[in-house]
Amino acid sequence: MDSPLPETFSERHAAVEARIAAACARAGRDRADVTLVGVSKTFPPEIVSEAIRDGVTVLGENRVQEGLAKAPLCPSAEWHLIGPLQRNKIRHALSLFTVLHGIDSEPLLHDLARVQDETGARPDVMLEVNVADEPTKHGFTPAAVRDALRAALADGVLRVVGLMCIPPFVTDPEQSRPRFRALRELRDALQDEFSLALPQLSMGMSGDFEVAIEEGATYVRIGTALFGRRTAGAWKPERSPDSDSYFV
Ligand SMILES: *Cc1c(COP(=O)(O)O)cnc(C)c1O
C-alpha cells in the first residue's frame, strides 16, 4: 500500500471499515452483506485479542496449528480457515474452524465428508477456484469445480456455500476486477445448473477488497490493512507435548 498505515489498531480498523462502507455504497450493496475476516496469521494473541475487543470478531488463519494454538488465548470469536487444508489435519481443523474457505481437491472433499460424518461437525465450505489457471496455485480450474460440486453434493453431508479465489498479485487492483467478476459469473452459472444457493463469494484482500466488494464479495479477507505488515520473527505456537503426533 502506498500511504503509511495508522498507528493504532482502532484507527486502522476504522479506515478499513470506512473503505468497506464506501465500496458497498458505490455498488448499491448493504454493508451487512459483506463480512470482514480479519486475517490474523503471524500476529500474537495479544494483538488478536485487541482486534476482537475492537469488534473484528471473525478471524482468518491460514494454518490449522497456528489457529488452534492461538484461539484459546483470545476472547471468543469466529475462526475461519482461509489457507489450504491438509487431509491429515481435517479432524483438528473441525475442532475450531466453522468456515473453510480454501477447499481445493476432490479427495479432500471426500475425506472432509467422512470426518464430518464421524464428528457431526458441519462447517460452511467454499471451493477455491484457480481463476487465472496458474500452475503454482491451489484450487479447482473453473471446469473442474463443476465435478467437485457434483461430488460434494453426492456426499450429502457437505454444506457448500460458495466459491473463493486468490487472483494473481497485481499492483493495480483494477486488474483483479475481471477475475472477481469471473468468479461471480461462475457462481451464478453453478447456481442455475445445480438449482442451489451459493450465497458466499470469498474474494478481496488488503490490496483489492474494494474492487472485490463492487464485484459481489461477501467475505473480504484483510490482513495487512488491519494488523500491519507481517514481519519475520512472527508469533509461533509453542510446541505442545503431543504436537508431533497431531501435526506430522
Ligand atoms: C494472508 C492472506 C490474506 C490477507 O492478505 P493481506 O494482503 O495481508 O490482506 C487473505 N487471504 C489469504 C488466503 C491469505 O493467506
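Thresholds, definitions, all that
Residues numbered from 1 in each chain as written. Predicted model: local features only at pLDDT ≥ 70, side-chain atom pairs only at ≥ 80, totals over all residues. Heavy atoms only, no water. Helix = DSSP H or I, 4+ residues; strand = E, 2+ residues; numbered from the N terminus. Rg over C-alpha atoms; globule rule 2.2 N^0.38 Å. Buried < 20%, exposed > 50% of the residue type's maximum accessible area, 1.4 Å probe, protein only. Contact = heavy atoms within 4.5 Å. Lys, Arg positive; Asp, Glu negative; His and termini not counted. Charge placed at Lys NZ, Arg CZ, Asp CG, Glu CD. Expected span 1.5 Å × (residues − 1). Arc of directions from axis to C-beta. Salt bridge = Lys/Arg side-chain N within 4 Å of Asp/Glu carboxyl O. pLDDT = per-residue confidence, 0-100. Phe/Tyr/Trp six-rings, centres within 6.5 Å; stacked < 30°, edge-to-face > 60°. Near = heavy atom within 4 Å. Polar contact = N/O pair within 3.5 Å; in protein donor to acceptor, adjacent residues only side chain to side chain. Areas by Shrake-Rupley, 256 points an atom, 1.4 Å probe, with all protein chains shown as cover. Nonpolar A, V, L, I, M, F, W, Y, C, P; charged D, E, K, R; others polar. Axes fitted to C-alpha atoms, helices over the stretch in contact; angles between N-to-C directions. Parallel < 35°, antiparallel > 145°, perpendicular 65-115°, else oblique. Left-handed = near helix turned anticlockwise from the far one by under 90°.

Details of the overall build of the chain
Part 1 of the reasoning: When helices and strands are counted, the chain shows 10 helices and 8 strands.
Part 2 of the reasoning: For 248 residues, the compact-globule formula gives about 18 Å, and the C-alpha radius of gyration of the chain, at 18 Å, lands near that figure.
Part 3 of the reasoning: Projected onto the principal axes, the alpha-carbon positions of the chain cover approximately 50 × 50 × 30 Å.
Part 4 of the reasoning: The buried share among the 248 residues of the chain stands at 48%.
Part 5 of the reasoning: In the chain, 61% of the contacts between residues at least 6 apart in sequence involve partners at least 24 apart.
Part 6 of the reasoning: Distance between charge centres in the chain, computed from 28 positive and 36 negative side chains, equals 2 Å.

Focus on helix 1 (residues 9-27)
Part 1 of the reasoning: Across its 19 residues, helix 1 extends 27 Å between first and last C-alpha, which sits within 8% of the 27 Å expected from 1.5 Å per residue.
Part 2 of the reasoning: Those residues of helix 1 not exposed but buried are F9, R12, H13, V16, I20, A23 and C24. The buried side chains of helix 1 occupy one side of the element, clustering within an arc of 110 degrees when seen end-on. Residues of helix 1 that are exposed and point more than 90 degrees away from the buried face comprise A25 and R26.
Part 3 of the reasoning: Backbone geometry just downstream of helix 1 places G28 in the positive-phi region, at approximately 65 degrees.

Brief notes about the pattern of salt bridges
Part 1 of the reasoning: Applying the stated rule across the entire model yields 19 salt bridges.
Part 2 of the reasoning: The partner of E215 in a salt bridge is R184, and the shortest N-O contact between them spans 2.6 Å. One end of the pair, E215, is in the loop between helix 8 (209-214) and strand 8 (219-222); the other, R184, is in helix 7 (residues 177-194), with 31 residues separating them in the sequence.
Part 3 of the reasoning: Classification of R184 as partly exposed rests on a relative accessible area of 24%.

Overview of the environment of R230
Part 1 of the reasoning: Here R230 shows up in the loop between helix 9 (224-227) and helix 10 (243-246).
Part 2 of the reasoning: Spatially, the C-alpha atoms of R230 and L186 are 32 Å apart, while their sequence positions differ by 44 residues.

Here's the deal with the confidence of the model for the chain
Part 1 of the reasoning: In the predicted model, the chain carries a mean pLDDT of 93, and the fraction of residues at 70 or more is 95%.
Part 2 of the reasoning: Counting contacts from residues 243-248, a segment whose pLDDT is below 50, to residues more than four positions away or on other chains yields 8 contacts.

With respect to the packing of aromatic side chains
Part 1 of the reasoning: Summed over all chains, the structure comprises 2 aromatic pairs.
Part 2 of the reasoning: Summarising the aromatic geometry, the rings of F43 and F227 are spaced 5.2 Å apart at their centres and angled 25 degrees between planes, so their arrangement reads as stacked. Of the two residues, F43 is situated in the loop between strand 1 (35-39) and helix 2 (45-53) and F227 in helix 9; the sequence distance between them amounts to 184 residues.
Part 3 of the reasoning: Under the relative-accessibility criterion, F227 is labelled buried at 5%.

Re the site of the ligand
Part 1 of the reasoning: Surrounding the ligand, one finds V39, K41, N62, I82, I166, M205, S206, R221, I222, G223, T224 and R230.
Part 2 of the reasoning: Contacts to the ligand include G223, whose backbone N or O atom sits 2.8 Å from an oxygen atom.
Part 3 of the reasoning: At a separation of 2.5 Å, an oxygen atom of the ligand approaches a polar side-chain atom of T224.
Part 4 of the reasoning: Surface burial for the ligand is 89%, taken as the share of its 390 Å² of free accessible area covered by protein chains.
Part 5 of the reasoning: Grouping the constituent residues of the shell around the ligand by class yields 5 nonpolar, 4 polar and 3 charged.

Points about the packing of helix 6 (residues 144-155) against helix 7
Part 1 of the reasoning: Two elements in contact, helix 6 and helix 7, have axes separated by 11 Å at closest approach and are oriented at 45 degrees. Judged by the inter-axis angle, helix 6 sits oblique to helix 7. Every pair of crossing elements has a handedness; the one defined by helix 6 and helix 7 is right-handed. From helix 6, V145, R146, L149, R150 and L153 reach across to helix 7, where they touch L186, A189, L190, E193 and F194.
Part 2 of the reasoning: Split into classes, the residues belonging to the contact of helix 6 with helix 7 amount to 7 nonpolar, no polar and 3 charged.

So, the packing of helix 5 (residues 106-119) against helix 6
Part 1 of the reasoning: The contact between helix 5 and helix 6 brings their axes to 10 Å, and the two run at 15 degrees. Here helix 5 is positioned roughly parallel relative to helix 6, judged by the angle of their axes. The handedness of the crossing between helix 5 and helix 6 is right-handed. Residues E106, L109, H110 and A113 of helix 5 touch helix 6, and the partners they reach there are D147, A148, A151, A152 and D155.
Part 2 of the reasoning: For the contact of helix 5 with helix 6, a count of residues per class yields 5 nonpolar, 1 polar and 3 charged.

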